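# Residue-level structure breakdown
The chain contents come next:
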Amino acid sequence: MRTPAKAVMTLVALGLAVTGCETGTGGTGSTASPSPTPSSSGSAAGQAAECVTGNWRTTGATGSAGSGEATAEVTGGSGVAVDIQRDGAVRADFSGMQPVTFDLNAGGPSIRGQFRYDGTANGTVRTMEGTWEPIPPVEWGEVRVTVDLTSPVKARPFDNVRLGDYVGDGVGQTGNVVDVQPFLGKGAYECRGDTLVLSPAGNDSGLTWTLARA
């Protein structure tokens, strides 16, 4: 994930504020003000390449980032069920998802944490020459995100927060450490037999997801 290391530092600062340097992950930290679920008013028909259609399950999500002497690694995220129809309809079910972990090394103690989604998202994509193009609107529904810090402090700055509310305020507090458009953001795809790889476009933030046919 193209996540500036300072984004993870912001998470740590937020965690310290939430916990007062005390251990524990029970705090909600959900100060995000309500905002509309990310979507757009238009709509259009999509069409997916034959090699991407079918039932998939993520085997993992990866990414890395660097800023000065700091480097961050992102791994995890298996277990998401993704259904892609020939007409481009996409449904992502996060109920079985394993956490995505991040690990920042800035020349001192490592800063670690994790996040995960829950709920389902629905949208439509169009694929052309390796591009993965979402077509609005995207129905994020009740997709929720939970962010935990595990080291050097333990805190839960975002506890089961609706993705729409997180986008409204959480991104400003945590940078791009959480992919706010999982599977339904603009990017690229690559078919490798029974493996599908979805990656963010250009320098956009996001995760690279690897999926296997279910």
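So, a few notes on the structure that sits alongside this text. (Residues numbered from 1 in each chain as written. Predicted model: local features only at pLDDT ≥ 70, side-chain atom pairs only at ≥ 80, totals over all residues. Heavy atoms only, no water.)

## Quick notes on the packing of aromatic side chains
Inspection of every chain in the model, using the stated rule, returns five aromatic pairs. A centroid spacing of 5.7 Å and a plane angle of 75° characterise the contact between F115 and Y117, whose relative ring orientation is edge-to-face. Grouping aromatic residues by their ring pairs yields a cluster made of F94, F115, Y117, F183 and W209. (Phe/Tyr/Trp six-rings, centres within 6.5 Å; stacked < 30°, edge-to-face > 60°.)

## A look at the pattern of salt bridges
Throughout the structure, instances matching the rule amount to ten salt bridges. Notably, a salt bridge pairs R112 with D103, separated by 3.2 Å at the nearest N-O pair. Residue R112 is classed as partly exposed on the basis of its relative accessible area of 37%. Judged by its relative accessible area of 29%, D103 is partly exposed. A salt bridge links E142 to R144; its shortest N-O distance comes to 3.0 Å. The class for E142 is partly exposed, based on a relative accessible area of 46%. In this structure, a network of salt bridges that share partners links the residues E142, R144, R162 and D165. (Salt bridge = Lys/Arg side-chain N within 4 Å of Asp/Glu carboxyl O. Buried < 20%, exposed > 50% of the residue type's maximum accessible area, 1.4 Å probe, protein only.)

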